[in-house]
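# Residue-level structural notes
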Amino acid sequence: MIVKHRSLSRTHWLLFLLGLTGVLAALAVDGFTAAGSGGTVRPGQVTAGNRTRAFTGPVIEPDGTARRLPDQVSALTFDDGPDPVWTPRILDQLRKLNVKATFFVVGARVAEHPELARRIVDEGHELGLHSYTHADLGAVPAWRARAELELTRDAVASATGRDVTLFRPPYSSTPAGADARLIGTAGRAGYRTVLADLDTRDWSLPGPDAIVTAAAQPGDAGAIILMHAGGGDRAQTVTALRTLVPALSGRGRRLVTVSEALSLPEPAAAGWEARARGASFGVVRSIAGAVADILFVLLVLATVLAGVRMLIQGGAAWRHARRGRRSDPDEGYRPPVTVIVPAHNEAANIAATVESLTATEYPGLEIVVVDDGSVDGTGKIVAGLALPQVVVVRQDNAGKAAALSTGIAHASNDLIVLIDGDTIIEQDTLALLVQPFRDPKVGAVAGNAKVANRSGLLGRWQHLEYVIAFNLDRRVFEVAECMPTVPGALGAFRRAALAGAGGVSTATLAEDTDLTMAVCRAGWKIVYADRACAWTEAPSTWGGLWRQRYRWCFGTMQAMWKHRSAVRELGAGGKLGRRGLGYLMLFQILQPMLAPLVDVYMVYALLFQPVTWVAALWLGLHACQLGVAAYAFRLDRERAGPLWSLLLQQVVYRQLIYLVVIQSLVTALVGARVGWHQPARTGEAAALTSAAVTPDGERPVAMRRQMLDQQIRRKYRDPLWARLTVWAGVLLMLASGGALVAGKVVTDRYAARVQQADLLGPALLDDNSGPLNMLLVGVDWRKGAAGLIRADTIMIVHVPASRDRAYLFSLPRDLLVDIPGHGRDRINASFAYGAGGEQDRARGSRLLADVTRRATGLPGFHAAALIDFYGFMEVVKAVDGVQLCVDEDTKSIHSGVVYKKGCRKMDGPSALDYLRQRKTIAHGDYARQRHQQQFIKAAVTGSGTDPARLDLMLRAAGESLTVTTGRTSPAELLFALRGISPDRITLIRTPGHSVRDQSGYLGEALNPEAVELFRAVASDDLTGYLKGHPALVLS
Amino acid sequence: MTRQVFADHSGRRRRLAARAGTGLALALLAWLGLVAVNVASALAAAR
C-alpha cells in the first residue's frame, strides 16, 4: 500500500475542548442555580448560631427597626413557590375564600414558571423574594447571599415587571431567633425582611388540624402566618386554608397582604435593565438545566451500556467456556497447513517468529514469509536461517493486505494460517488452531493474541485490555455467531473461504476485520480457539499506541461501513449485520463517545450532587468490572497480578481510547485518508524465546506455555513493594469509599430521625473548638396527658477541650432562680413559663436554657437535648432494660413498689418509676439527681462503640427526643465525642441547701462550693478543681 | 488501486465539515459569552 495521506487538521480538537468547556459551564451554572442546590439544611435547623438575635417584630426595615402588624390583622404568607402543582391549588383556594396573601418565591422556580409568578400578581396577591436557590443564606458567603437576592429580584422583574424588595430568608421562622447579620446584609442592599409570628410547620405534614391550630392563636395581636406553597406535598396546607380563613375572619380578623397590613407603598415598576437581566439569566439557566438533564440521561445510558456489556460478556464467556475443550489436539488431526508471515521491517522479531513456527514440529508445515519492501534486512535474516520448510517472497512495499494476497498466492495448502511478523507462538498453537476445521462449516478460526511486553503501565494496560475486552468479546461473537475480526496476529482460514471473500482487500485499514466480515457474510462459521496463543509485541510508547488504535478504530469503522448492508441480510450476513455490527456500534463507538461526557458529569456530580450516589455508582461499576476482569483472567489462565492496574487504567488509558474514537469519527466524516503507521519494533517478543534456548545456545526448543510464563514473570515482575503499595491503596480507597457511603447513609438517617428545633435560642454557642457544654432536659409529659409540661430533670454535660472525658452534673429542679418577666421562682417553672399556653417545648427549653445560663454563670451551651417520659421508656425498652444499682431501699410514692438495695436490670416503666423517687429517700432530690446520672451513664455504656445500639435508642426515642446541635449535625457531634468511653464519664454532685421562710419551704439554693464548681466549668478547669474537692465526685 | 472507504477525493465533505465546525464553534462561543456576561452581571450586582 502506498502511504499517502492528507493530514487531518487539528481544529476538531479545539472544537472538542470548546464543547467540553461549554458543557462544564452549563453544568456549573446548573449546579449553582438549581432550586434546592443550597437546600441541604433541614428546615427548622438553626444555622445562624450566635449571630441570632431576638427582634421585637417580624418585619425588619432596611434601617434595622422592627415592626409588628396591627392588632386584629393576619397576613398569610406562602414560601418556596411557585410550584406547578401546589401554587395553583393554593391560589384557587384563596380565590374561593376571597383572601389576598403574600408569596415568598424562589428565583429559580420563578425562572421556570414565570406564568405562575404573573398569576400570583394578577390575582391581587403580593410577591416577596425567598432567595434564588433556597440556599441557607446564613451559611453562605455574604456575596452569594446578595447575588441570590439580586438574581431573584431580576427574575421576578422579568416575569412580572415589578421591582420587589420584600425578602424572607429561607429556613427562617420567628423574630425570636433571626440571623442578624443576614438581615443586616439585606437591609443595606435595601430589602425589607419579613419573618413570621406563627410558624405552622406545614412542611412537616403535621395534619391540617395542627396547621390551623398553629395559625389561629388566641388573642388580638397581629400575626404573620408562615406556610408553604411549594417544595413538597402541600395538600394539608390547602385543606387547612378552608378551615383557617373562616376561623380567623369569624374572630373579626382582617386577612391582608404584608404590605397592606403595614401600609407600605406598592412595588415600583422594574427598570428595563433588571427585566433584561432576569430574562437573560432565565435563558442561561434553562439552557444549562437542559444540558444537565441531557447529560444525566447520557450518564444513565452510559451506565446501562457498561452494565449490559458486562452482562453480555460474562454470560457469553460462561457459555463459551462450557462448550469445553472441543479442540483437543491429542486426537491427531493435523491437516497440511501453510503459515503466511507478512513482514515489513520486522528484523527485530522475525527470526524468533519463524523459529517459534518451526519449533512446533507440525507435520508438513509450509511457511511463506512475505518481505514487503523491508529496508532493515528482514528477508535476509529469514533466508539466513536456511530452514527447508520456509519460503521467502519479496515484493515492493505495498502494504499488509497486498503482502497477504501475495502469500496466499504462494501457499500450496488448503488451510492458511496468517500471523504477524512480530508474533511468537507456542508449541501447540498451530495444532490447537486447526482443530475446529474438523467441522467443514468452519471457515476461519481466531487465535488468542497475548501481549508479550508487559513492562511498564502501558504494556500492562494493553495486556488487561487484550484479556478483558478483546478475548471476552471474541467469546461473545462466537456464541452469537457474528465474529467480525480474526486478529491479524493469529488466525486461520480455509482457502475456499478466502477465495469466496474475494481475497484480502485494500479498501480498509483493518484488512483482518474486513476479511473476516466478508467470510462471515458468506455463511462460514468462525470460531475462537482460546487456547491457541500467540505472543505479540504491543506498542511501547503512547504515540505508537495512539497510531495503532487509530488505525484499528478507523479501519473497523471503514469495515463496518463497507459491510453495512449486512444489517438487512437474512441468515449469516444478517447475524453479522445486526448482532456483530450492532455490538461494535454500541460498545466500540457509542460507549467511548459517551465517556468524555461521563467524565465531565462525574466532576460536576462530585461538586454538586450528594456524594453517596456518585460514590456508589462508581464503586459499583468498578466492582462489577473487577469481577468480570477476574473471570476473564481465569478463563485465559492468566495470573491475576496485573489486575491491580485496572483502576489506574481509568485515568489516562481510557481517555486515550475515547479520543481515538473521536479522531476516527472526524476522519471518517471529513474523508481524510489514513495510512499505515508501523510502530518501531524493540524485539521484546523475540526476547521471550531466549528462555527456550537449549544449553548449547543453538536452536530454540519448543515454546511451552510454562517457559513463556516464567520468562515474563522473571522479566516483568513488579517489585513487591510496588504491588503491596498499590493493593494497600486500592483497599484503602475501597474501604474509605465504603465508609463514606455508610457514614453518609447513617448521618442522613439520624438527621431524618432526630427531631431538631431551636432549644437554646440566644444561649447557643457556636464555637465548637474548645470545651463543650450540653444541656439535657427531661420533661414529665406522657403521651395523651394534658396539663402543664414541667422540666423534671435538668442536667449539664461538660466535655473539656481535650475531648477525652465528660462530666455530668444535675441542677436541683427546685433551684430558686430569677426568671425574666416572672420574678424569683423554681427553675423548673421557667420551662412551663416559656412553653406557655401552646405548650411549645422549644420555647420552654429556650427560656430554661437562658435561666440556667444565668444561674450557673456558664457562657451558654453548644447543644441540647429534650426528652419526655414516654420517649425515655421507649429507649429503655429498645435496649432491653438497663442495669441500675439501687443504693438504698426505695419505695415508690407513685406505684407503691419497693426497690430493694442492690443491682438489677430494670425495664422502662420500673426505671422511670425508680428515677422519679425523691420523697421517700434520704437527701431527697439530690439522691434522685444521683440516680438519674447513674442511669445516663448506664444507658450510654456500649452506645459509643456500638452504632447499632445508638441507632436503636434514637429510633425508639422518635418524636419524644428533640435536639439542637447548632451548626454541627448531631452525627458530627457524636463523632466528636467518640473518644469518650463510659468509664471516663464522671458524675458530679452539685451541693445545695433548702431555703425556707416563715411560710415554709421555698426551694433550693446552690452552696458556695457549687458556684466555684461552675466557675471551674466555665474556665475549663474542672479536672484541676475536682482534684482539690474529691468529695464532689460521686462514686 | 482500491478506493479507500470514507476517502473523499473531491474535498466536498471536508468543506462541509469546516462549515459545520465553524457554526458549532460560533454557537459554543456565543453560549460561553452569554454565561460570562450573566455571571459577571450577577457578581457585579452582589458587590
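One can find the structure itself at the top, above this paragraph.
To start, this report covers the structure provided alongside it. (Residues numbered from 1 in each chain as written. Chains lettered and ligands numbered in written order. Predicted model: local features only at pLDDT ≥ 70, side-chain atom pairs only at ≥ 80, totals over all residues. Heavy atoms only, no water.)

### Brief notes about the interface of chain B and chain A
Counting residues at the interface gives 28 residues for chain B and 39 residues for chain A. In total, about 2,900 Å² of surface goes out of reach between chain B and chain A, with carbon and sulfur atoms giving 66% of it. Our count for the contact surface shared by chain B and chain A stands at 0 salt bridges. The interface formed by chain B and chain A contains 8 residue pairs in polar contact (both at pLDDT 80 or more). Here the residues of the side of chain B that touches chain A sort into 17 nonpolar, 6 polar and 5 charged. (Contact = heavy atoms within 4.5 Å. Buried area = accessible area lost by both parts, 1.4 Å probe. Salt bridge = Lys/Arg side-chain N within 4 Å of Asp/Glu carboxyl O. Polar contact = N/O pair within 3.5 Å; in protein donor to acceptor, adjacent residues only side chain to side chain. Nonpolar A, V, L, I, M, F, W, Y, C, P; charged D, E, K, R; others polar.)

### What to know about the pairing of strand β27 (residues 816-819) of chain A
Two faces belong to every sheet, and in a regular strand the side chains alternate between them. Residue and element names in this part refer to chain A. As judged from the 4 bridges shared by β27 and strand β28 (residues 823-826), these two strands associate in the antiparallel manner. The partner of D818 across the bridge, within β28, is R824. Following β27, the chain reverses through 3 residues before pairing antiparallel with β28; G821 in that reversal takes a positive phi of roughly 85 degrees. (Pairing = 2+ DSSP bridges. Helix = DSSP H or I, 4+ residues; strand = E, 2+ residues; numbered from the N terminus.)

### Brief notes about the pattern of salt bridges
All names here are of chain A. Evaluation of the coordinates by the stated rule reveals 36 salt bridges over all chains. In this structure, R521 and E569 form a salt bridge, with 2.3 Å as the shortest nitrogen-oxygen distance. Of the two residues, R521 sits in helix α17 (residues 511-521) while E569 sits in the loop between α18 (542-562) and α19 (571-608), which places them 48 residues apart along the sequence. R521 gets classed as partly exposed once you look at its relative accessible area, which sits at 21%. (Buried < 20%, exposed > 50% of the residue type's maximum accessible area, 1.4 Å probe, protein only.)

### With respect to the packing of aromatic side chains
The full count for this structure, using the stated rule, is 17 aromatic pairs over all chains. Relative to B:F6, the ring of A:F554 lies with its centre 5.8 Å away and its plane at 45 degrees, an arrangement referred to as tilted. Of this pair, A:F554 sits in helix α18 while B:F6 sits in the segment before α1 (12-46), which puts the two residues in different chains. This pair shows no difference in class: A:F554 is buried, exactly as B:F6 is. One aromatic cluster is present, built from ring pairs that chain together A:Y550, A:F554, A:W561 and B:F6. Its guanidinium or amino end placed over the ring of A:W86, A:R89 lies 4.6 Å from that ring's centre, counting from NZ or CZ. Here the guanidinium or amino end of A:R564 rests over the ring plane of A:W561, the centre of that ring lying 4.1 Å away. (Phe/Tyr/Trp six-rings, centres within 6.5 Å; stacked < 30°, edge-to-face > 60°. Lys NZ or Arg CZ within 6 Å of the ring centre and 35° of its normal.)

### A closer look at the state of the cysteines
Residues and elements named next belong to chain A. Under the defined criterion, the tally for this structure stands at 1 disulfide over all chains. The disulfide partner of C885 is C903, and the S-S distance across this bridge is 1.9 Å. Negative torsions about the S-S bond denote left-handed disulfides, and the value of about 105 degrees found for C885 with C903 makes this one right-handed. In this pair, C885 sits in strand β30 (residues 882-886) while C903 sits in strand β33 (residues 902-906), placing the two residues 18 residues apart along the sequence. The class for C885 is partly exposed, based on a relative accessible area of 37%. We classify C903 as partly exposed; its relative accessible area is 49%. (Disulfide = S-S within 2.5 Å.)

### A look at the sheet that holds strand β20 (residues 442-451) of chain A
All names here are of chain A. One open sheet holds the 8 strands; their spatial order is β17-β16-β15-β18-β21-β20-β22-β19, and the pairing between them is mixed. The open sheet has two edge strands with one neighbour each: β17 (390-395) and β19 (423-425). If you compare each strand with its neighbour and ignore which way they point, the axes differ by 30 degrees on average. Two elements, β20 and strand β21 (residues 490-494), share 3 bridges in a ladder whose sense is antiparallel. Bridge pairing in β21 links A444 to F493. Contacts between helix α12 (residues 378-385) and the sheet are confined to β15 (337-343), β16 (366-372) and β17, with β17 contributing the most and set at about 160 degrees to the helix. Running over the sheet, helix α15 (residues 456-479) touches β20 and β22 (525-536) and is turned about 160 degrees from β20. (Axes fitted to C-alpha atoms, helices over the stretch in contact; angles between N-to-C directions.)

### Considerations on the nonpolar core
Where a protein is soluble and globular, its nonpolar side chains tend to be buried together. Residues and elements named next belong to chain A. Ranked by size, the top nonpolar core spans 68 residues in total, and within it L27, I340 and F493 carry the most contacts. Looking at which element gives the most residues to this core, the answer is α19, with 13 residues. When residues no more than four places from it in sequence are discounted, the contact partners of L27 are A292, L295, V600, Y601, Y604 and F608. (Core = buried A, V, L, I, M, F, W, Y, C linked by side-chain atoms within 4.5 Å.)

### With respect to helix α2 (residues 86-97) of chain A
Residues and elements named next belong to chain A. Helix length check: α2 (12 residues) gives 17 Å between terminal C-alpha atoms against 16 Å at 1.5 Å per residue, within 8%. In the core, the buried residues of α2 are packed alongside β4 (73-81), β5 (102-105), α4 (114-122), β12 (223-228) and α8 (235-250). Positive backbone phi, at 55 degrees, marks N98, one or two positions downstream of α2. (Expected span 1.5 Å × (residues − 1).)

### Remarks on unusual backbone geometry
Most peptide bonds take the trans form, and the phi angle of most residues other than glycine is negative. Residues and elements named next belong to chain A. Following G81, the chain continues into P82 via a peptide bond in cis, with omega recorded as -5 degrees. On the secondary structure map, P82 appears in the loop between β4 and α2. The backbone of R201 shows a phi angle near 50 degrees, a positive value even though the residue is not glycine. Looking at where R201 falls in the secondary structure, it is placed in the loop between β11 (198-199) and α7 (208-215). For R201, a relative accessible area of 31% translates into the label partly exposed. We note that E361 has phi near 50 degrees; this positive angle belongs to a residue other than glycine. Here E361 falls in the exposed class, since its relative accessible area comes to 66%.

### Things to note about helix α29 (residues 908-916) of chain A
By the burial criterion, the buried members of α29(A) are A:G908, A:A911, A:L912, A:D913, A:Y914 and A:L915. In this fold, the buried residues of α29(A) make contact with α28 (869-878), β30, β31 (890-891), β32 (898-899), β33 and α30 (924-940) of chain A.

### Details of the side chain of A:E148
When you line up the elements, A:E148 lands in helix α5 (residues 142-160). If sequence neighbours within four positions are ignored, A:E148 has contacts with A:S131, A:Y132, A:T133, A:H134, A:A135 and A:L137.

### A word on a nonpolar patch on the surface
All names here are of chain A. On the surface, F296, V300, V304, V308 and I312 cluster together into a nonpolar patch covering about 360 Å² of accessible area. Within the element layout of this structure, V300 appears in helix α10 (residues 272-322). On the basis of relative accessible area, V300 is assigned to the partly exposed category, the value being 38%. (Patch = residues over 30% accessible without salt bridge, like charges linked within 9 Å, V, L, I, M, F, W, Y side chains within 5 Å. Areas by Shrake-Rupley, 256 points an atom, 1.4 Å probe, with all protein chains shown as cover.)

### Some thoughts on the packing of α10(A) against α15(A)
Residues and elements named next belong to chain A. The geometry of α10 relative to α15 is characterised by a closest axis approach of 8 Å and an angle of 65 degrees between their N-to-C directions. The orientation of α10 with respect to α15, classified from their angle, is roughly perpendicular. Classified by chirality, the crossing of α15 by α10 is left-handed. Residue-level contacts link R309, I312, Q313, A316, A317, R319 and H320 of α10 to I468, A469, L472, D473, R475, V476, E478 and V479 of α15. Class assignment for the residues of the contact of α10 with α15 results in 8 nonpolar, 2 polar and 5 charged. (Parallel < 35°, antiparallel > 145°, perpendicular 65-115°, else oblique. Left-handed = near helix turned anticlockwise from the far one by under 90°.)

### Thoughts on the pairing of β17(A)
Residue and element names in this part refer to chain A. Here β16 runs beside β17; their pairing, made up of 6 bridges, is parallel. If you follow I367 over to β17, its bridge partner there is V390. One crossover worth recording links β16 to the parallel β17 by way of α12, and it is right-handed. (Right-handed = clockwise from strand over helix to strand, strands pointing away.)

None of the figures reported here should be taken as evidence of function without further support.
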